[in-house]
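Here is how the chains run, residue by residue.
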Amino acid sequence: MLKIENLQAGYGKVHVLNGISIDVPKGKVITLIGSNGAGKTTTMRAISGMIKPISGTITLNGKSIHGMESNQIAKLGLAHSPEGRRVFSTMTVTDNLLLGAFPRLTGSRPKGDVKGDLERAMELFPRLQERRQQLAGTLSGGEQQMLAMARAVMLNPEVILLDEPSMGLAPILVEEVFKIILRLKSEGVTMLLVEQFAAAALNVADYAYVLENGSISVHGDADKLKNDPAVQAAYLGTGSHH
Ligand SMILES: Nc1ncnc2c1ncn2[C@@H]1O[C@H](COP(=O)(O)OP(=O)(O)OP(=O)(O)O)[C@@H](O)[C@H]1O
Ligand SMILES: [Mg+2]
C-alpha cells in the first residue's frame, strides 16, 4: 500500500534521514520506534508532503507521491495526524472534522457517507461530541490531540499516519486512543504509528521499525521486537529490571 525506499530528508542543510525503507502493507499497523530526535516526525512529514524529500521513492498503491503537495497526497487517500495540536483554532470542532473530509466533499475522493462518518467520529471520541460547537482553540491540549486524530479519520483514508496520538493525554485517554487504533485496525484501516509508549505500540502493531539517528537499525515482527533484549533495554524501559 505505502512503500518508502531509501528516503533521505531533512531541513535545509540539516540532513535527518539517511536513506530509510519502510513497507506499510494494506490492513496492517506498522510502528516506528525511536528516541527523541531520531527522525520519526521527519519521516511522517516527508511521506505526507509537509517537507520535500531529498531523494528516495515513496509510493502509494504503486503511484509515486514523492515531492507532491500534501493536499494532493490527501486526495490520493493518505491522512496525517501530525505531532502537536495542528487544529484550526478559530473553527468549531465540527468544522475541523468536516475539513478533514474536504477532498470527499469536493469530489477528489469518493464521497461515501460524510454525515454518517461525522457521527461515527463523535461516537469514537465522545469528548468531541460534547464539544462539537466549541472553537477548537479553546479545547484542552488532549482534546485537540483527539480532534487531530478524528480529523485524519474523516478523510476515510487508505492509510493514516499517526504521530504520537496519545501525547499529552491522561492515562485513561491514552488507553482510549489505543482502543480506537485497534478498532480502526479491525475495520481494515492501514496505519503507520509513532508512539512514545513503545510497548503499547508494539502490542497493537504487526510489524515494527527502529529508527536510530536517521537510519533503521532493526526491523521485524512486533512480537519479536517486543522480546528483543536490546529493544527492551533501549525503548521499553524493562532492560535493567528483573
Ligand atoms: N523544522 C526543523 N528545522 C531544523 N531541524 C529540525 C526541524 N524539525 C526537526 N528538526 C531536527 O531533526 C531531527 C529529527 O527530529 P524529529 O522531529 O523528526 O524527531 P522525532 O524522532 O520525531 O523526535 P520526538 O520523539 O522528540 O518527537 C532533530 O535533530 C530535530 O532537531
Ligand atoms: Mg516526533
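The present account deals with the structure reproduced in this document.

So, how was this worked out
- Along every chain, residues carry numbers that run from 1 in the direction the sequence is written.
- Chains carry letters from A onward and ligands carry numbers from 1 onward, assigned in written order.
- Totals for whole chains, interfaces and linings use every residue, but because this is a predicted model, local features are given only for residues with pLDDT of at least 70 and side-chain atom pairs only at 80 or more, for both listing and counting.
- Helical segments are the DSSP runs of H or I of at least four residues, strand segments are the runs of E of at least two, and each set is numbered from the N terminus.
- Three exposure classes are used. Buried residues have 20 or more other C-beta atoms within 10 Å of their own C-beta, exposed residues have 12 or fewer, and partly exposed residues fall in between, all C-beta atoms being placed from the backbone.
- Two residues form a contact once the distance between their C-beta atoms, set from the backbone, is within 7 Å.
- Pairing between strands requires that DSSP locate at least two bridges from one strand to the other.
- Axes, fitted as lines to C-alpha atoms, cover a helix only where it is in contact. Angles between the N-to-C directions of the axes lie from 0 to 180 degrees.
- Should the C-beta atom of a residue, placed from the backbone, lie within 6 Å of a molecule or strand, that residue is near it.
- Residue polarity is assigned by list, with Asp, Glu, Lys and Arg as charged and Ala, Val, Leu, Ile, Met, Phe, Trp, Tyr, Cys and Pro as nonpolar; anything else, Gly included, falls into the polar class.

1. Structural notes on the overall build of the protein
Step number 1: Scanning the protein from N- to C-terminus turns up eleven helices and ten strands.
Step number 2: With respect to the three principal axes, the spread of C-alpha positions in the protein is 45 × 45 × 35 Å.
Step number 3: In the protein, buried positions account for 42% of the 242 residues.
Step number 4: Sequence separation of at least 24 residues holds for 64% of the intrachain contacts in the protein that already meet a minimum separation of 6.

2. Re the sheet that holds strand β5 (residues 63–64)
Step number 1: Across the sheet, which stays open at both edges, the four strands sit in the order β2-β1-β4-β5 with antiparallel pairing between neighbours. Two strands bound the open sheet, and with one partner strand each, they are β2 (14–24) and β5.
Step number 2: In the sheet, strand β1 (residues 2–11) pairs with strand β4 (residues 55–60) via five bridges, with the strands oriented antiparallel. Note that in β4 the partner of L2 across the bridge is L60.
Step number 3: Helix α1 (residues 40–48) contacts β1, β2 and β4 of the sheet and is inclined by roughly 70° relative to β2.

3. Some thoughts on the sheet that holds strand β7 (residues 159–163)
Step number 1: Strands sit in the order β6-β7-β8-β3-β9-β10 across an open sheet of six strands; the sheet is mixed. Each end of this open sheet is capped by a strand with a single partner; those strands are β6 (78–81) and β10 (215–221). The sheet shows a mean angle of 15° between the axes of neighbouring strands, taken without regard to direction.
Step number 2: Inspection of the sheet shows strand β3 (residues 29–33) paired to strand β9 (residues 207–212) by four bridges, in the parallel sense. Across the sheet, I30 pairs through a bridge with Y207, a residue of β9.

4. Re the environment of R120
Step number 1: Tracing the backbone through its elements, the reader meets R120 in helix α5 (residues 114–124).
Step number 2: R120 gets classed as partly exposed once you count the C-beta atoms within 10 Å, which come to 14.
Step number 3: Separated by 30 residues in sequence, R120 and A150 have C-alpha atoms that sit 9.7 Å apart.

5. Side note on unusual backbone geometry
Step number 1: Positive phi, normally seen in glycine, also occurs at N6, with a value near 55°.
Step number 2: By the element assignment, N6 lies in strand β1.
Step number 3: Classification of N6 as partly exposed rests on a count of 14 C-beta atoms within 10 Å.
Step number 4: Non-glycine residue N61 carries a positive phi angle of around 50°.
Step number 5: Here N61 is to be found in the loop between β4 and β5.
Step number 6: Overall, N61 belongs to the partly exposed group, with 14 C-beta atoms counted inside 10 Å.

6. A few points about the site of ligand 1
Step number 1: Contacts to ligand 1 come from Y11, V14, V16, G34, N36, G37, A38, G39, K40, T41, T42 and E83.
Step number 2: Ranked by residues supplied to the shell around ligand 1, first place goes to α1 with three residues.
Step number 3: Class assignment for the residues of the shell around ligand 1 results in four nonpolar, six polar and two charged.

7. Considerations on the environment of E158
Step number 1: Among the secondary structure elements, E158 is positioned in the loop between α7 (141–153) and β7.
Step number 2: Look at E158 and you get partly exposed, because 17 C-beta atoms sit within 10 Å.
Step number 3: Separated by 81 residues in sequence, E158 and G77 have C-alpha atoms that sit 5.0 Å apart.

8. Things to note about the pairing of β7
Step number 1: Extensive coverage of β7 is indicated by the burial of five of its five residues.
Step number 2: Of the pairings in the sheet, the one linking β6 to β7 comprises four bridges and is parallel in character. Each bridged residue has a counterpart across the sheet, and for H80 the counterpart in β7 is L161.
Step number 3: Two strands pair when backbone bridges link them, and β7 and strand β8 (residues 190–194) are joined in this way by five bridges, in the parallel orientation. Bridge pairing in β8 links L161 to L192.

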